[in-house]
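Structure assessment
So you can see what is in the structure, the chains are spelled out below.
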Amino acid sequence: MPRIIVKFGGTSVADTARIEKAADKVVAEIKRGNQVGVVVSAMAGVTNELLDYCAQIQSGLDSTDYDAVVASGEQITAGLMALALQKRGFKSKSYMGWQVPIITNGQHGRARIDDIPPDILNDAMNEGVIPVVAGFQGITKEGRITTLGRGGSDTTAVALAAALKADRCDIYTDVDGVYTTDPRMVPNAQKLALITYEEMLEMAALGAKVLHPRSVELAMAWNVPLQVLSSFEPSIGSDLPGTQVVREEDIVEKQIVNGVTYARHEAKVTLMSVPDKPGIAAAIFAPLGKAGVNVDMIIQNISPDGQSTDMTFTIPRGDTALVESLIKDLPDIEGGEIRMDSNVSKISVVGIGMSSHSGVATTMFSTLAERGINIRAITTSEIKISVLIAEEYTELAVRALHTAFALDKDVA
Ligand code: ASP
Ligand code: MG
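The structure reproduced in this document is the subject of the present report. Everything numeric here is computed off the predicted structure, so don't read it as measured data. (Residues numbered from 1 in each chain as written. Chains lettered and ligands numbered in written order. Predicted model: local features only at pLDDT ≥ 70, side-chain atom pairs only at ≥ 80, totals over all residues. Heavy atoms only, no water.)

**Some thoughts on the packing of aromatic side chains**
Where two aromatic rings form a pair, the distance of their centres and the angle of their planes describe that pair. Under the criterion given, the structure shown has two aromatic pairs. Taken together, a centroid distance of 4.8 Å and an interplanar angle of 15° make the contact between Phe-8 and Tyr-172 stacked. One end of the pair, Phe-8, is in strand E1 (residues 3-8); the other, Tyr-172, is in strand E9 (residues 168-173), with 164 residues separating them in the sequence. Residues Phe-8 and Tyr-172 agree in their burial class; the two are buried. Geometrically, the ring pair formed by Phe-285 and Phe-313 is edge-to-face, given 4.9 Å between the ring centres and 75° between the ring planes. Of the two residues, Phe-285 sits in helix H9 (residues 280-290) while Phe-313 sits in strand E16 (residues 308-316), which places them 28 residues apart along the sequence. (Phe/Tyr/Trp six-rings, centres within 6.5 Å; stacked < 30°, edge-to-face > 60°. Helix = DSSP H or I, 4+ residues; strand = E, 2+ residues; numbered from the N terminus. Buried < 20%, exposed > 50% of the residue type's maximum accessible area, 1.4 Å probe, protein only.)

**Things to note about the sheet that holds strand E20 (residues 384-390)**
Reading across from one edge, E13-E18-E20-E19 is the order of the four strands in this open sheet, with antiparallel pairing throughout. The two strands at the open ends of the sheet, each matched to only one other strand, are strand E13 (259-263) and strand E19 (377-381). Ignoring strand direction, the axes of neighbouring strands in this sheet form an average angle of 20°. Relative to E20, E19 is paired through five bridges, and the arrangement is antiparallel. Each bridged residue has a counterpart across the sheet, and for Ser-381 the counterpart in E20 is Lys-384. Together, strand E18 (344-350), E19 and E20 form the strand contacts of helix H11 (residues 360-370), whose direction differs from that of E20 by roughly 15°. (Pairing = 2+ DSSP bridges. Axes fitted to C-alpha atoms, helices over the stretch in contact; angles between N-to-C directions. Contact = heavy atoms within 4.5 Å.)

**Thoughts on the site of ligand 1**
Ligand 1 sits among Ser-41, Ala-42, Thr-47, Glu-74, Phe-136, Arg-150, Gly-151, Gly-152 and Ser-153. At 2.8 Å from a nitrogen atom of ligand 1 is found a side-chain nitrogen or oxygen belonging to Thr-47. A total of 260 Å² of accessible area belongs to ligand 1 in isolation, and the protein chains cover 86% of it. Its residues placed into classes, the shell around ligand 1 shows two nonpolar, five polar and two charged. (Near = heavy atom within 4 Å. Polar contact = N/O pair within 3.5 Å; in protein donor to acceptor, adjacent residues only side chain to side chain. Areas by Shrake-Rupley, 256 points an atom, 1.4 Å probe, with all protein chains shown as cover. Nonpolar A, V, L, I, M, F, W, Y, C, P; charged D, E, K, R; others polar.)

**Regarding the packing of helix H1 (residues 16-31) against helix H4 (residues 72-87)**
For the pair H1 and H4, the least separation of the axes is 9 Å and the interaxial angle reads 60°. Classified by the angle their axes make, H1 and H4 are oblique. Judged by the sense of rotation from one axis to the other, the crossing of H1 with H4 is right-handed. Facing H1, whose interface residues are Ile-19, Glu-20, Ala-22, Ala-23, Val-26 and Val-27, H4 presents Thr-77, Leu-80, Met-81, Ala-84, Leu-85 and Lys-87. (Parallel < 35°, antiparallel > 145°, perpendicular 65-115°, else oblique. Left-handed = near helix turned anticlockwise from the far one by under 90°.)

**Focus on the nonpolar core**
Core analysis: the largest hydrophobic core is formed by 42 residues, its most contacted members being Ile-5, Ile-116, Val-133, Cys-169, Met-200, Leu-211 and Leu-226. For this core, the secondary-structure elements that each account for two or more residues are helix H5 (119-126), strand E6 (129-134), helix H6 (153-163), E9, helix H7 (197-205), helix H8 (213-222) and strand E11 (226-230). Here this core gets seven residues from one element, more than from any other, and that element is H6. Among residues more than four places away in sequence, those in contact with Leu-226 are Val-158, Cys-169, Ile-171, Leu-211, Ala-219, Thr-243, Gln-244 and Val-245. The next biggest cluster of nonpolar side chains, apart from the first, holds 30 residues, and it includes Ala-23, Ala-42, Ala-82 and Ile-236. (Core = buried A, V, L, I, M, F, W, Y, C linked by side-chain atoms within 4.5 Å.)

In structure tokens form, the structure reads like this:
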């Protein structure tokens with residue numbers, strides 16, 4: 001019997017009426033002859049409310065009891081979903097992370113799953129029980145409750161699908177799939193039927209917030225076929241109405257560019273006239289790495305005089321004050337001027353076919369040039385090209401690139 005893990009996000013379980021609708025989908029899958037395990041998020045808004053309670057007591061506490069509070073939202077929905085399934089005449093049981101158990105490391109607030117012994121859930125499923133597992137939460141070896149980071153229920157679902165050797169993991173959400181770009185910005189954006197894990201990872205990291213990036217990493221590592229679909233549409237996952245995230249080998253026609261993404265959450269830092277000598281990059285970036293600052297694009301100019309050079313890089317916007325203070329303290333760059341620019345936006349094109357095609361960069365750069373958009377920094381990987389531009393051109397750039405790479409939906 002095919003086994004499916006289905007996960008319902010916060011908007012899909014936002015109230016009891018929606019929980020009942022979600023339960024109907026689970027029932028429809030079972031009637032199709034599938035064995036189903038369910039993972040749920042907290043009701044929409046609840047996790048934020050719980051975080052707010054913690055902040056009211058004290059902010060910035062690194063405490064295990066913070067996790068005890070924020071994990072509780074999922075307990076409510078897991079219980080309610082089990083009740084809704086029982087009401088429909090099925091055997092169902094809720095499971096908290098500790099009851100499975102979902103064993104994680106001890107990094108509270110952003111724990112990683114180490115192990116999921118499958119026996120308890122396997123036995124339940126083989127007895128005809130529909131397990132409903134609380135997403136987002138786990139337990140350490142020492143027996144303390146952990147959470148997996150915001151959006152972490154996706155990761156619970158994929159990890160369970162891997163542990164239980166499921167045939168597919170369906171992530172029900174409030175959008176009907178993954179799009180070529182943000183449909184709110186570009187009305188001609190198209191839903192992708194298929195996308196590779198690699199592309200999805202890039203798009204998730206670059207700001208397409210449909211899936212928790214860690215869940216995609218896990219799906220890729222364990223070869224879990226993943227589908228993103230809407231819980232508000234009448235169809236169920238087995239009809240494959242959403243976007244399927246699969247291995248490269250499973251896609252016959254590889255698109256050169258599958259998506260255009262944008263991220264407004266970065267800032268550009270330029271260090272003027274730093275000494276041009278061995279060790280300078282290490283001296284600048286080591287303290288940033290140690291402080292956990294995620295540096296993305298890095299550009300070092302040549303030095304015309306062989307003495308000093310300019311170094312430009314990007315950081316998350318929220319880290320500007322931290323970075324400024326770390327750099328000011330560096331003896332090596334003393335006297336050099338620091339320029340911070342938060343008015344930037346990172347635009348990327350992503351596509352698995354890019355690795356075997358030339359000309360993508362040229363198309364990207366000339367498209368932006370034709371619109372008079374200046375590129376301030378560039379980075380590339382096998383399947384992605386990113387540029388940094390002035391923030392006010394974000395929309396123009398995304399639209400122009402979406403058209404240039406022939407991603408616009410045909411409008412009849
Ligand atoms: N409830 C958690 C959050 O809001 C986890 C999740 O929904 O995936 O981040
Ligand atoms: Mg989510």
